[in-house]
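Examination of the molecular architecture
Here are the chains, one letter per residue:
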Amino acid sequence: MLETGKKLLDKAQKGNYAIGAFNVVNMELVQAVAEASRIEKSPVIIQTSEGAISYAGLSFLYELGMEASKYVSMALHLDHGRDLNIIKDCIKIGYSSIMYDGSHLDFKENIRVTKKVVGWAHKQNVSVEAEIGTIGGAEDKIKSRTIILTEPSDAKEFADKTGCDSLAIAIGTSHGAYKFAGKSKLDINRLREINKIVKIPLVLHGASSVPQSLVRKANKYGAKLGNPHGVSEGELRKAVKNGINKINTDTDLRLAFDATVRQIIKEKPEVFDIRKILSPARQEIINLVRNKIKLFGSNGKA
Ligand code: G3H
Ligand code: 13P
Ligand code: ZN
């Protein structure tokens, strides 16, 4: 069933767990995320970036999301919305949650635009995630070299003034596969401070773990990924314990899919039926998402 982001996240906040928000760009990813959530009896957030929408088309992604919502409790969410026209299109077509990412704006302007978007979305019963501070790293359309950690008092003022339903904060993560030179370290004290004074659910972006087994597998079958490092599972556990209720993951799904496709193509060069290449990749995503759900503690909560 399609739920608003607010409904799922408020419940997660009360229950002290986090809901996985997984980026999708095609049918196989939607099916895998939905199937993992169904098996684990977990609520889930299926999210699409502006880049995913320009790749697959909004109505294709929307219909895939609707199909998944027939058998899982989920929100369909726009990730890192910056283009106000895309935000309006998502609200209009029936997304149940959107993010307005004004982290590139100065504080006052971020408040002004976020508040305007909250007004549009709430009229249609659509939830709004906003961002304060800067999560570093590179995505298709969003690039930022520096991480500006979130000031707790700014986060409170921002949440109070905008009326957003959840808030993405910067505590040391970044987007993509190259987050840390070695061991990961999040600013958990800062998270605690923010969680003490901000009443709405908090969101962690850039949360992929970049499992070394997947990096090795991809490299073994021809990828050239170098030496990427993500957020350890221990740090993610601490983040959930200290107030994170939504965890965004994209890179790990890309790695799992890529590594498996490479393996099949390399080990079975005679195969050219794409279903035989994509089925194992989809299965690998199911396994990965099931493990994430258990780590975040949302299993059995649907
Ligand atoms: O943070 C969001 C995702 O990693 C989106 O990446 O813009 O390349 O689709 P993308
Ligand atoms: P990762 O690149 O760590 O998967 O982060 C994804 C994300 O934050 C999507 O909004
Ligand atoms: Zn993000």
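Residues numbered from 1 in each chain as written. Chains lettered and ligands numbered in written order. Predicted model: local features only at pLDDT ≥ 70, side-chain atom pairs only at ≥ 80, totals over all residues. Heavy atoms only, no water.

Side note on the site of ligand 2
- Around ligand 2 sit 14 residues in total, of which Asp79, Lys179, Ser208, Asp250 and Thr251 are the nearest.
- Gly206 places a polar main-chain atom, nitrogen or oxygen, 2.8 Å from an oxygen atom of ligand 2.
- Note that an oxygen atom of ligand 2 is positioned 3.2 Å from one of the backbone N or O atoms of Ala207.
- Here ligand 2, which alone exposes 310 Å², has 97% of that area covered by the protein.
- Within the residue set of the shell around ligand 2, elements represented by two or more residues are β3 (74-81) and β11 (244-249).
- Residue composition of the shell around ligand 2, by class: 1 nonpolar, 10 polar and 3 charged. (Near = heavy atom within 4 Å. Polar contact = N/O pair within 3.5 Å; in protein donor to acceptor, adjacent residues only side chain to side chain. Areas by Shrake-Rupley, 256 points an atom, 1.4 Å probe, with all protein chains shown as cover. Helix = DSSP H or I, 4+ residues; strand = E, 2+ residues; numbered from the N terminus. Nonpolar A, V, L, I, M, F, W, Y, C, P; charged D, E, K, R; others polar.)

Quick notes on helix α10 (residues 233-241)
- For α10, every residue scored as buried is listed here: Glu235, Leu236, Ala239 and Val240. Looking straight down α10, one finds its buried side chains confined to an arc of 140 degrees; they lie on one side.
- Turning to α10, the residues buried within the fold contact α8 (188-197), β10 (202-204), β11 and α12 (274-296).
- Positive phi shows up at Gly243, right after α10, with a value of about 120 degrees. (Buried < 20%, exposed > 50% of the residue type's maximum accessible area, 1.4 Å probe, protein only. Arc of directions from axis to C-beta. Contact = heavy atoms within 4.5 Å.)

A word on empty space enclosed by the protein
- In total, this model carries 1 cavity of 30 Å³ or more according to the counting rule given.
- Gly5, Leu9, Ser97, Glu129 and Ser166 are the residues nearest the centre of the largest cavity, which is lined by 13 residues in total.
- Looking at the lining of the largest cavity residue by residue, the classes come out as 4 nonpolar, 5 polar and 4 charged. (1 Å grid on protein atoms, 1.4 Å probe; cavity = no way out; pocket = protein on both sides within 12 Å on 5 of 7 lines; lining within 4 Å. Points joined across faces, edges and corners; volume = space filled by probe spheres on them.)

So, the pairing of strand β4 (residues 97-100)
- Covered by surrounding structure in β4 are Ser97 and Met99 together with Ile98 and Tyr100, the residues of both alternating faces.
- Judged from the 3 bridges that link them, β3 and β4 form a sheet pairing that is parallel. Within the sheet, the bridge partner assigned to Leu78 lies in β4 and is Ile98.
- Taking the sense of rotation as the criterion, the β-α-β connection linking β3, helix α5 (residues 84-93) and β4 turns out right-handed.
- Sheet topology note: the β4/strand β5 (residues 127-132) ladder contains 4 bridges and is parallel. Directly across from Ser97, in β5, lies its bridge partner Ser127. (Pairing = 2+ DSSP bridges. Right-handed = clockwise from strand over helix to strand, strands pointing away.)

Some points on the nonpolar core
- Core analysis: the largest hydrophobic core is formed by 83 residues, its most contacted members being Ile46, Tyr95, Ile98 and Leu167.
- Counting residues per element, this core draws most heavily on α12, at 9 residues.
- Apart from residues lying up to four places away in sequence, Leu167 is in contact with Ala130, Glu131, Ile132, Ala155, Phe158, Val198, Ile200, Pro201, Leu202 and Val203.
- With 8 residues, the next largest nonpolar core counts Tyr17, Ala21, Ile45 and Ala75 among its residues. (Core = buried A, V, L, I, M, F, W, Y, C linked by side-chain atoms within 4.5 Å.)

Describing the side chain of Ser73
- Checked against the element boundaries, Ser73 lands in the loop between α4 (58-69) and β3.
- For Ser73, the residues in contact, after removing those within four places along its chain, are Met1, Glu3, Leu8, Ser42, Pro43, Val44 and Ala302.

Regarding unusual backbone geometry
- In this structure, Lys41 takes a positive phi of about 50 degrees despite not being glycine.
- One can find Lys41 in the loop between α2 (27-40) and β2 (44-49).
- On the basis of relative accessibility, which here comes to 56%, the residue Lys41 falls in the exposed class.

Some points on the sheet that holds β11
- On the basis of which strands lie adjacent, the closed barrel formed by 8 strands has the order β1-β2-β3-β4-β5-β8-β10-β11 and parallel pairing. Between one strand and the next, the sheet's axes are offset by a mean angle of 25 degrees, whatever the strand orientation.
- Relative to β2, strand β1 (residues 19-23) runs parallel, the two sharing 3 bridges. Each bridged residue has a counterpart across the sheet, and for Phe22 the counterpart in β2 is Ile46.
- The strands touched by α4 within the sheet are β2 and β3, with β3 carrying the most contacts at an inclination of about 150 degrees. (Axes fitted to C-alpha atoms, helices over the stretch in contact; angles between N-to-C directions.)

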